[in-house]
Amino acid sequence: MKKIIYSLILFLTLGLTMGYACDLCKKNQPKVLENITHGTGPTGTIDYIITWSAIIIVGFTLFYSVKYLVNPKEDNPNHIKNSILKRDF
């Protein structure tokens, strides 16, 4: 178990340091996204609109998936969740 924990810590710390942009990419990034990723980053207004639209869609999807996973509000005894999650106590 110690090997797994130490390996996980090692990979996480290496991943954090290796994920930063190099010096050339820092110069090419906009000030908002500086030192986050490699490459040129968003180059225009359309790129920002696409990015923020995707973030909003992912946020709604995450919210509703957690909401309906925690409390599905399905009481029908013939519902498929009852055949999968059947508990015989």
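Quantities reported herein were computed from a predicted structural model and do not represent experimental measurements. (Residues numbered from 1 in each chain as written. Predicted model: local features only at pLDDT ≥ 70, side-chain atom pairs only at ≥ 80, totals over all residues. Heavy atoms only, no water.)

## Concerning the overall build of the protein chain
- In terms of regular secondary structure, the protein chain is built from four helices and zero strands.
- When the helices and strands of the protein chain are placed in sequence order, the string is α-α-α-α.
- Looking at the protein chain as a whole, 4% of its 89 residues qualify as buried.
- Here the protein chain displays about 8400 Å² of accessible surface, and carbon together with sulfur accounts for 69% of that area. (Helix = DSSP H or I, 4+ residues; strand = E, 2+ residues; numbered from the N terminus. Buried < 20%, exposed > 50% of the residue type's maximum accessible area, 1.4 Å probe, protein only. Areas by Shrake-Rupley, 256 points an atom, 1.4 Å probe, with all protein chains shown as cover.)

## Thoughts on the packing of aromatic side chains
- Using the criterion set out here, one finds two aromatic pairs in the structure.
- Relative to Tyr 68, the ring of Tyr 64 lies with its centre 6.2 Å away and its plane at 20°, an arrangement referred to as stacked. Taken as a pair, Tyr 64 and Tyr 68 lie in helix α3 (residues 45-70) at a separation of four residues, close to a single helical turn.
- With relative accessibility at 39%, the residue Tyr 64 sits in the partly exposed group.
- Look at Tyr 68 and you get partly exposed, because its relative accessible area is 47%.
- These aromatic residues form a ring-pair network of at least three members: Phe 63, Tyr 64 and Tyr 68. (Phe/Tyr/Trp six-rings, centres within 6.5 Å; stacked < 30°, edge-to-face > 60°.)

## A look at the confidence of the model for the protein chain
- Residues of the protein chain with pLDDT of at least 70 account for 76%, and the chain-wide mean is 77.
- Mean pLDDT per element in the protein chain: helix α4 (residues 80-84) is the minimum at 70, and α3 is the maximum at 91. (pLDDT = per-residue confidence, 0-100.)

## A closer look at a nonpolar patch on the surface
- A contiguous nonpolar patch, built from Met 1, Ile 4, Ile 5, Tyr 6 and Ile 9 and spanning about 600 Å² of accessible area, is present on the exposed surface.
- Inspection of the secondary structure assignment puts Ile 4 in helix α1 (residues 2-18). (Patch = residues over 30% accessible without salt bridge, like charges linked within 9 Å, V, L, I, M, F, W, Y side chains within 5 Å. Salt bridge = Lys/Arg side-chain N within 4 Å of Asp/Glu carboxyl O.)

## Things to note about the environment of Glu 34
- Structurally, Glu 34 can be placed in the loop between α2 (23-28) and α3.
- When its relative accessible area of 35% is taken as the criterion, Glu 34 is described as partly exposed.
- Residue contacts for Glu 34: discarding those within four places in its chain leaves Lys 26 and Gln 29. (Contact = heavy atoms within 4.5 Å.)

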